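One-letter residues, chain by chain:
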Amino acid sequence: MEILKKILVVNCGSSSVKYTLFELASEKKVDWGIVECIGLPEAYYKRQNVNTNEKKDYLKVANHREAIELIIKNLLDEKVGSIVDTNEIAVVGHRVAHGGVKFSKSVLVTEKVKEDLKEYFAIAPLHNPANYAGVLAIEKMLPGIPSVLVFDTAFHQTMPDYAYMYAIPYEYYEKNHIRRYGFHGTSHNYVSRMAAKMLEKPLNELKLITAHLGNGSSIAAIDKGRVIDTSMGFTPLQGVVMGTRCGDIDPAIIPYILKQYKNDSDTFLNTLMNKRSGLLGISGLSSDMRTIVKAIKSGNKRAKLAFEMLCYSVKKYISAYYGVLNGIDGLVFTAGIGENSPFVREKICSNLHALGIELDLKKNNVISNEERLISSSNSKVKIMVIPTNEELMIARESKICLYKCK
Ligand code: AMP
């Protein structure tokens, strides 16, 4: 029997490792799963493949290395595994949160690349060290198999300086690399390419706004396949209102809060702005849009306010980027909320007729996992829902990097 080569995609979060195994040639997904709550008593391992149903086990998993050992062992399992030999894996693609200014595209891992990656630990302290740990663990478990790093920030590296600079003294950019980087790049990249396919036009003839609306959310202005601006900034905290992040606020609020609460610990502020704000902070109820929508239907006023704030902030970015791009051909909704909430899409697109943005309410209400057009026939702008697929994009990038270096 012919052994088909595979691509393993690994996504190490601060306390989780997600993986997907694809067939190299067909890009078919063959095995996938997640190790969650690493280092905690409630750690578990959930996995599934094309031949087995989902299985979940609570196990002790102390760190990212143990999580990856577990995943590789399971992939090799005689009964439920998907590979017979690790050499079936042609390449491993790693999602990396922050590539700073050094990485404007995906790269094959070398000793130098690993050293460079460490430079960005301070900018992304929760994610980059975990990504790095993942690379080391893969090297140990799969010696000789190439690894590729695919950065969340890379797609946004085409932004012009006047869009990525902050108007603080220039030396903070020079010495501390403080600038806008943008995130969710893999998702914006994937959906913009899919939009071009849907519109049957080359990407380099299109002006698009892509709205990745999930627990974390960002908007991107894309001209001819190049990002011109994006709503997330130096970190994923900036931009629109999110599940638990505040998005844009007046920076003067920060020293004011510090003074009022006499608490200048990093943790206090970081937790407040990253974990206790957004939908959760305003509603006092949940960061989950499904819960917010249910609560609105039963008359919860703060849930309604949180919902309206989120939609309004997205609408403002869409309108601003419409101006930045001098008109657009397409508006794309993606990620958990963007793909699944007609209610949110309707609110965001309401009263945008002046920009040629008009929904077909019937099409908007269709629940589907497929990419689809939801604009009315009068709408100048094509409005699309495109399910994102960051894993597949990472697999494709890894394949390209692998072939380039051969
Ligand atoms: P993500 O970070 O892309 O996984 O998206 C998570 C967000 O998507 C959460 O706020 C979920 O509540 C939201 N979401 C998922 N399904 C739905 C749905 N059917 N309706 C509204 N929001 C949804």
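So, a few notes on the structure that sits alongside this text. (Residues numbered from 1 in each chain as written. Predicted model: local features only at pLDDT ≥ 70, side-chain atom pairs only at ≥ 80, totals over all residues. Heavy atoms only, no water.)

Here's the deal with the pattern of salt bridges
And step 1. Inspection of the entire model under this criterion finds 19 salt bridges.
And step 2. Between aspartate 57 and lysine 55 there is a salt bridge whose closest N-O contact spans 3.2 Å.
And step 3. Relative accessible area serves as the criterion here: at 43%, lysine 55 is assigned to the partly exposed category.
And step 4. Arginine 95 serves as the salt-bridge partner of aspartate 152, at 3.0 Å between the closest nitrogen and oxygen. Here aspartate 152, found in the loop between β8 (147-151) and α4 (161-164), pairs with arginine 95, found in strand β6 (residues 89-96); they are 57 residues apart in sequence, far enough to count as distant. Here the two residues aspartate 152 and arginine 95 agree in accessibility, since each one is buried.
And step 5. Connected through salt bridges with shared partners, the residues Lys102, Lys112, Asp116 and Glu119 form a single ionic network. (Salt bridge = Lys/Arg side-chain N within 4 Å of Asp/Glu carboxyl O. Buried < 20%, exposed > 50% of the residue type's maximum accessible area, 1.4 Å probe, protein only. Helix = DSSP H or I, 4+ residues; strand = E, 2+ residues; numbered from the N terminus.)

Quick notes on helix α6 (residues 185-199)
And step 1. The end-to-end C-alpha distance of α6 is 21 Å, a good match for the 21 Å that 15 residues give at a rise of 1.5 Å each.
And step 2. For α6, a buried count of 12 out of 15 residues is recorded, marking the element as mostly surrounded by other parts of the structure.
And step 3. Contacts from the buried residues of α6 go to β8, β9 (207-213), β10 (217-223), β12 (330-334), β14 (382-385) and α15 (390-404).
And step 4. Looking one or two places after α6, you find glutamate 200, whose phi comes out positive at around 55°. (Expected span 1.5 Å × (residues − 1). Contact = heavy atoms within 4.5 Å.)

Here we look at the sheet that holds strand β4 (residues 44-49)
And step 1. Strand order in this open sheet of 8 strands is β5-β4-β3-β2-β1-β6-β8-β7, and the pairing throughout is mixed. Either end of the sheet is taken by a strand with one partner, and the two such strands are β5 (52-58) and β7 (107-108).
And step 2. Across 7 bridges, strand β1 (residues 6-12) lies against strand β2 (residues 17-23) in antiparallel orientation. Paired with isoleucine 7 across the strands is phenylalanine 22, a residue of β2.
And step 3. The sheet contacts of helix α3 (residues 128-141) involve β1, β6 and β8, and relative to β6 the element is tilted by about 165°. (Pairing = 2+ DSSP bridges. Axes fitted to C-alpha atoms, helices over the stretch in contact; angles between N-to-C directions.)

Here's the deal with helix α10 (residues 289-297)
And step 1. Those residues of α10 not exposed but buried are Met289, Ile292, Val293, Ala295 and Ile296. Projected down its long axis, α10 carries its buried residues within an arc of 165°, all on one side. Turned more than 90 degrees from where α10 packs its buried face, Arg290, Lys294 and Lys297 sit exposed.
And step 2. On the buried face of α10, the contacting elements are α9 (278-283), α11 (301-324), α12 (335-340) and α13 (342-349). (Arc of directions from axis to C-beta.)

Topic: the sheet that holds β12
And step 1. Taken in spatial order, the 6 strands of this open sheet run β11-β10-β9-β12-β14-β13, and their pairing is mixed. Sheet topology places β11 (226-230) and β13 (372-373) at the edges, where each strand pairs with a single neighbour.
And step 2. In terms of strand pairing, β10 meets β11 through 4 bridges, oriented antiparallel. Of the residues in β11, the one forming a bridge with alanine 220 is threonine 230.
And step 3. Contacting β9, β12, β13 and β14, α13 crosses the sheet at an angle of about 150° to β12.

A word on the nonpolar core
And step 1. Core analysis: the biggest nonpolar cluster contains 41 residues, and Leu213, Ile219, Met289, Leu331, Val344 and Ile357 have the highest contact counts within it.
And step 2. Listing elements by their share of this core, those giving two or more residues are β9, β10, α10, α11, β12, α13 and β14.
And step 3. Ranked by residues supplied to this core, first place goes to α11 with 9 residues.
And step 4. Contact partners of leucine 331, with chain neighbours within four places excluded, come to Ile209, Ile318, Cys349, Ile357, Val381, Lys382, Ile383 and Met384. (Core = buried A, V, L, I, M, F, W, Y, C linked by side-chain atoms within 4.5 Å.)

A closer look at the side chain of aspartate 31
And step 1. Relative to the assigned elements, aspartate 31 resides in strand β3 (residues 29-36).
And step 2. There is no salt bridge for the buried aspartate 31, and the closest opposite charge comes from arginine 47, which lies 7.3 Å off by N-O distance.
And step 3. Contact partners of aspartate 31, with chain neighbours within four places excluded, come to Tyr19, Thr20, Leu21, Gln48, Asn49, Leu75, Val80 and Ser82. (Lys, Arg positive; Asp, Glu negative; His and termini not counted.)

A few points about the pairing of β4
And step 1. Where β3 lies against β4, 6 bridges are found, and the strand directions are antiparallel. Looking across to β4, one finds that isoleucine 34 is bridged to lysine 46.
And step 2. As judged from the 5 bridges shared by β4 and β5, these two strands associate in the antiparallel manner. Following the sheet pairing, tyrosine 44 is matched in β5 by tyrosine 58.

Focus on the packing of α6 against α15
And step 1. In the contact formed by α6 and α15, the axes pass within 9 Å of each other and the chain directions differ by 90°. Taken together, α6 and α15 sit at an angle that is classed as roughly perpendicular. Taken together, the residues of α15 that come into contact with α6 (itself represented by Thr186, Ser187, Asn189, Tyr190 and Arg193) are Glu390, Leu392, Met393, Ile394, Arg396 and Glu397.
And step 2. Looking at the contact of α6 with α15 residue by residue, the classes come out as 4 nonpolar, 3 polar and 4 charged. (Parallel < 35°, antiparallel > 145°, perpendicular 65-115°, else oblique. Nonpolar A, V, L, I, M, F, W, Y, C, P; charged D, E, K, R; others polar.)

The values reported here are purely geometric and, on their own, carry no functional implication.
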